[in-house]
Amino acid sequence: MLGLGGSVSTVPQGIRAEVVVVTSFDDLSNKSSEVSGKIVVYNQPYVSYSETVVYRSKGASEASKYGAVATLIRSITPFSLNTPHAGQQSYSDGVKKIPTACITVEDAELLNRMYNRGTKLEIFLKMDSKFFANATSRNTVAEIKGTTDPHKIVLVSGHLDSWDVGQGAMDDGGGAFISWNSLVVLKNLNLRPKRSIRCLLWTAEEEGYIGAYAYLKGHKSELENFNLVIESDEGTFQPYGILFHGSETSACIMLEVANLFDSINATTMQFSKYNVGSDIEVFENINIPGLSLLNKNEKYFWYHHTEADTMAVEDPDSLDLNTAMFAVISYIIADLSVDLPRS
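Residues numbered from 1 in each chain as written. Predicted model: local features only at pLDDT ≥ 70, side-chain atom pairs only at ≥ 80, totals over all residues. Heavy atoms only, no water.

Enquirer: Can you help me understand empty space enclosed by the protein in this one?
Expert: Going through the model one piece at a time under the given rule, you end up with one cavity of 30 Å³ or more. One number sums up the size of the largest cavity: a volume of about 40 Å³. Lining the largest cavity, in full, are Ser162, Trp163, Val165, Gly168, Asp171, Glu206, His305, Thr306 and Asp309. Class assignment for the residues of the lining of the largest cavity results in two nonpolar, four polar and three charged. (1 Å grid on protein atoms, 1.4 Å probe; cavity = no way out; pocket = protein on both sides within 12 Å on 5 of 7 lines; lining within 4 Å. Points joined across faces, edges and corners; volume = space filled by probe spheres on them. Nonpolar A, V, L, I, M, F, W, Y, C, P; charged D, E, K, R; others polar.)

Enquirer: What should I look at first to understand unusual backbone geometry in this one?
Expert: With glycine set apart, most residues show a phi of negative sign, and most peptide bonds adopt trans. Each neighbour pair has its own omega, and for aspartate 171 with aspartate 172 the value is 5 degrees, a cis peptide bond. One can find aspartate 172 in helix α5 (residues 169–188). Its identity is not glycine, yet asparagine 82 carries a phi of approximately 65 degrees, on the positive side. Structurally, asparagine 82 can be placed in the loop between β4 (70–74) and β5 (100–103). Phi angles above zero are rare outside glycine, and histidine 305 is one such case at about 60 degrees. With respect to the helices and strands, the residue histidine 305 is situated in the loop between α9 (300–303) and α10 (316–335). (Helix = DSSP H or I, 4+ residues; strand = E, 2+ residues; numbered from the N terminus.)

Enquirer: I would appreciate a short explanation of the packing of aromatic side chains in the present structure.
Expert: Aromatic ring pairs: the centre-centre distance and the angle between the two ring planes describe each pair. Evaluated as defined, the whole model comprises ten aromatic pairs. Between tryptophan 202 and phenylalanine 283 the ring centres are 6.0 Å apart and the planes differ by 40 degrees, which places this aromatic pair in the tilted class. You can see tryptophan 202 sitting in strand β9 (residues 195–202) and its partner phenylalanine 283 sitting in helix α8 (residues 281–284), a full 81 residues away along the chain. Of the two residues, tryptophan 202 and phenylalanine 283, neither departs from the other in class, the shared state being buried. Taken together, Trp202, Tyr215, Phe226 and Phe283 form an aromatic cluster joined through their ring pairs. (Phe/Tyr/Trp six-rings, centres within 6.5 Å; stacked < 30°, edge-to-face > 60°. Buried < 20%, exposed > 50% of the residue type's maximum accessible area, 1.4 Å probe, protein only.)

Enquirer: In this structure, what is going on with the layout of surface pockets? I would like to understand it.
Expert: Over the atoms, a rolling probe the size of a water molecule traces out where space has been left empty. Here the largest pocket defines a volume of roughly 1300 Å³. Around the largest pocket sit 42 residues that line it, and Tyr49, Tyr209, Glu234, Ser278 and Phe301 are the ones nearest its centre. Looking at the lining of the largest pocket, the elements with two or more residues in it are α2 (49–52), α3 (54–64), β11 (239–245), β13 (290–295), α9 and α10. If you tally residues by element for the lining of the largest pocket, the top one is β13, at four residues. In terms of residue class, the lining of the largest pocket is made up of 14 nonpolar, 18 polar and ten charged.

Enquirer: Is there a simple way to think about the packing of α5 against α10 in this case?
Expert: Packed helices, taken two at a time, are described by their axes: the angle between them and the distance between them. In contact at an axis separation of 8 Å, α5 and α10 are set at 55 degrees when each is read in the N-to-C sense. Our classification of the angle between α5 and α10 gives oblique. Of the two possible hands of crossing, α5 and α10 adopt the one that is right-handed. For the pair α5 and α10, contact is made by Gly174, Phe177, Ile178, Ser179, Asn181, Ser182, Val185 and Leu186 and by Leu319, Asn322, Thr323, Phe326, Ala327, Ser330 and Tyr331, respectively. For the contact of α5 with α10, a count of residues per class yields eight nonpolar, seven polar and no charged. (Axes fitted to C-alpha atoms, helices over the stretch in contact; angles between N-to-C directions. Parallel < 35°, antiparallel > 145°, perpendicular 65-115°, else oblique. Left-handed = near helix turned anticlockwise from the far one by under 90°. Contact = heavy atoms within 4.5 Å.)

Enquirer: When you look at the nonpolar core in this model, what are you seeing that I'm missing?
Expert: Generally speaking, nonpolar side chains in soluble globular proteins are found buried as a group. Ile39, Val40, Val41, Tyr42, Leu72 and Ile123 are the most contacted members of the largest nonpolar core, which totals 36 residues. Put simply, the parts of the chain that give this core at least two residues each are β2 (15–22), β3 (39–42), α3, β4, β5, α4 (105–116) and β6 (122–125). At six residues, the largest contribution of residues to this core is made by β2. Once you skip the residues sitting within four places of it in the chain, valine 40 turns out to touch Val20, Val22, Leu28, Val35, Ala63, Ala68, Ala70, Thr71 and Leu72. With 32 residues, the next largest nonpolar core counts Leu183, Phe244, Met254 and Ala327 among its residues. (Core = buried A, V, L, I, M, F, W, Y, C linked by side-chain atoms within 4.5 Å.)

Here it is in structure tokens:
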């Protein structure tokens, strides 16, 4: 198991309690009269990350409302090799904070089968969480100054922090790598566009976009000059196109950009009505166009927030292609004769 971010500890001697297994919040509600004084195990099916992660983020609070003493959450992944997946959770206002941890898919299903057979389940849980005073961490910034409009900005980015398990190579070392190195490529080719290209390696993304919000607050005077914000935070596997959030006119421009990647079979251009990044969401929310790369990341959540997120996940050729796409896209948009139209 892995304790979830922000979880409180058990009492020093631990908790021993009977178990109630649920498969959804509706199931929890239906079994609410059985929950008081017990440990709730969530064995929710995986639908998609965005739909299923609510069990990790809110599962403890929902169970606490009915008197649960702790929760164990099935890891948020479509496929498991017996690895627990860490992640952030937060307590709702007005509920008692109870210990919460993630367990493997295999263990959640095992407990579910035993529970359905009528086996009386009892779990001993001991967690020792520690909370420290806030400390300063920094966003890391690099920039190629524009030739004629250096005050206008195209942003490429990834985040530097990761969970303590694994190496954070995929989440989000790969995103940080391709952001930084896209500028290195342009510098080595002696290419300087009209606008500036700025690389942002965000700090404290996993705790809730802290670095991004701080940057937004500190650069309010520049925000009108941001032309496009780009981020990689869902893998740097084989790229096959562009995912774009912005106006329909800007989407037409990005379609033409995507068509330039025919030689690497990466010409797909998907227009999204929703935000397409994590940290860059704070910019997209104020109407700045956002972009990320479509990549063959079907296995991303196999490794996500686990001990398996190591450099072995990263493929050098795919990293090169992602880097090239970041460099090309950022250069073209930074060198356009017009700004990307906002909606």
